[in-house]
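Residues per chain are reported as follows:
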Amino acid sequence: MGRVIAIANQKGGVGKTTTAVNIAASIAISEFKTLLIDIDPQANATSGFGIETGDEIDNTFYQVMVKGGNIEDAIHQSSLEYLDVLPSNVNLVGMEVELVNMREREYVMQKALREVRNRYDYIIIDCPPSLGLITLNSLTAADSVLIPVQAEYYALEGLGKLLNTISIVRKHLNPKLEIEGVLVTMFDSRLRLATQVAEEVKKFFKDKVYKTYIRRNVRLSEAPSHGKPALLYDAQSLGSKDYLDLAREIFERDGNIKKFKVRKL
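Draft legend 1. Local environment of helix α1 (residues 16-29). Helix length check: α1, at 14 residues, gives a terminal C-alpha distance of 20 Å against a target of 20 Å (1.5 Å per residue), a fit within 8%. The buried fraction of α1 is high, at 13 of 14 residues. Positive phi shows up at Glu31, right after α1, with a value of about 70 degrees.

See below:
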C-alpha cells in the first residue's frame with residue numbers, strides 16, 4: 001500500500017508546491033511509482049507539470065471530491081514514466097463550502113484514495129495555504145505530513161496552529177498521522193539570518209528536521225514557467241540535486257534505500 005505524504009503549512013510562500021512537484025519527480029525518477037495530488041485551487045502543481053488548468057479540463061480533484069467522479073478517470077500520466085498527477089483547477093475555490101453539508105466530510109479524500117492507493121509506492125499531496133476542510137481531508141487521508149519552513153525571519157510564525165491541527169486530527173480523525181519531517185527551504189548559506197533560522201528550527205523540531213536544506217536556486221524558480229520540475233528543466237542545478245538528496249533521506253527513513261536508484265533522463 002502506498003505511503004501518503006501531505007505537504008502542508010498554512011503560511012504561503014514557504015515552498016510547498018515547489019517541494020511537492022520536485023519531491024514527486026525525484027521519487028519517480030528513482031523508479032518508485034508516484035501519484036502527485038494537487039488540492040490547491042491555484043493549481044500550481046498541476047501547471048508545474050505542463051497540465052492544462054482551465055475549465056476545459058474535464059476531470060480534476062474537484063470532480064472526485066464533490067461530484068463523486070471516478071478517481072482513475074481524473075489521473076493524468078506525466079512526462080515521467082513513474083509519475084501520475086491528479087490535477088486541480090479554479091473550481092476548487094468553492095469546494096470548502098460544498099463539503100460542509102456532506103456526511104463524514106473529513107473522510108471524502110481518504111475514501112477516494114482507497115481505489116488507487118495500492119497502485120503507488122508514494123502519494124504526495126500538495127495542500128493549499130490554509131487549514132480548512134481541504135487540508136483537513138488531506139491530513140485525515142495521509143500517513144504523515146511534511147512541513148516546509150523557509151529560512152527567513154517569520155519561519156516559525158503560525159506553525160503552532162499547524163501543529164495544533166495535526167494534534168486534533170490525530171485525536172479525532174487519524175490517530176496514525178505522523179510528522180514525516182520538517183524541511184528548511186530557500187536557504188542561503190551566505191546569510192547569517194538563514195543559518196540562525198535553520199538552527200532555531202532544529203532546536204524546535206530536533207531530529208524531525210531533514211539534513212537536506214533546499215537552497216535558493218534560480219533554476220528551481222524558473223522551472224515552473226516551463227511546465228517542468230527542476231529535474232527535467234536542469235538536472236544539474238542545485239535545486240535538482242537538493243530534492244534528490246531529500247528523496248534519499250525519505251527512502252532511508254522508510255527503509256527503501258536499498259531500492260534507491262536514479263533513472264537516466
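Draft legend 2. Focus on the pattern of salt bridges. Counted according to the given criterion, the structure contains 15 salt bridges. Here Arg216 makes a salt bridge to Glu152, at a shortest N to O gap of 2.3 Å. On the criterion of sequence distance, the pair formed by Arg216 in the loop between α9 (192-205) and α10 (218-222) and Glu152 in the loop between β6 (144-150) and α8 (159-172) is long-range, its members being 64 residues apart. The exposure class assigned to Arg216 is partly exposed, which follows from its relative accessible area of 45%. For Glu152, a relative accessible area of 31% gives the class partly exposed. One salt bridge in this structure joins Asp242 and Arg215, with 2.6 Å as the shortest N-O distance. Here the residue Asp242 occupies a position in helix α12 (residues 238-254), and Arg215 occupies one in the loop between α9 and α10, the gap between them amounting to 27 residues.

Draft legend 3. Up close: the pairing of β6. The buried fraction of β6 is high, at seven of seven residues. Of the two faces of β6, the one lined by Ser144, Leu146, Pro148 and Gln150 and the one lined by Val145, Ile147 and Val149 are each fully buried. One ladder, built from three bridges, connects strand β1 (residues 3-7) with β6; its direction is parallel. Looking at the pairing, Ala6 lines up with Val145 of β6. Pairing geometry for β6 and strand β7 (residues 178-185), over seven bridges, is parallel. For Ile147, the partnering residue across the bridge sits in β7 and is Val182. Between the parallel elements β6 and β7, the chain passes through α8 in a crossover that is right-handed.

The rules behind each value
- Residues numbered from 1 in each chain as written.
- Predicted model: local features only at pLDDT ≥ 70, side-chain atom pairs only at ≥ 80, totals over all residues.
- Heavy atoms only, no water.
- Helix = DSSP H or I, 4+ residues; strand = E, 2+ residues; numbered from the N terminus.
- Expected span 1.5 Å × (residues − 1).
- Buried < 20%, exposed > 50% of the residue type's maximum accessible area, 1.4 Å probe, protein only.
- Salt bridge = Lys/Arg side-chain N within 4 Å of Asp/Glu carboxyl O.
- Pairing = 2+ DSSP bridges.
- Right-handed = clockwise from strand over helix to strand, strands pointing away.

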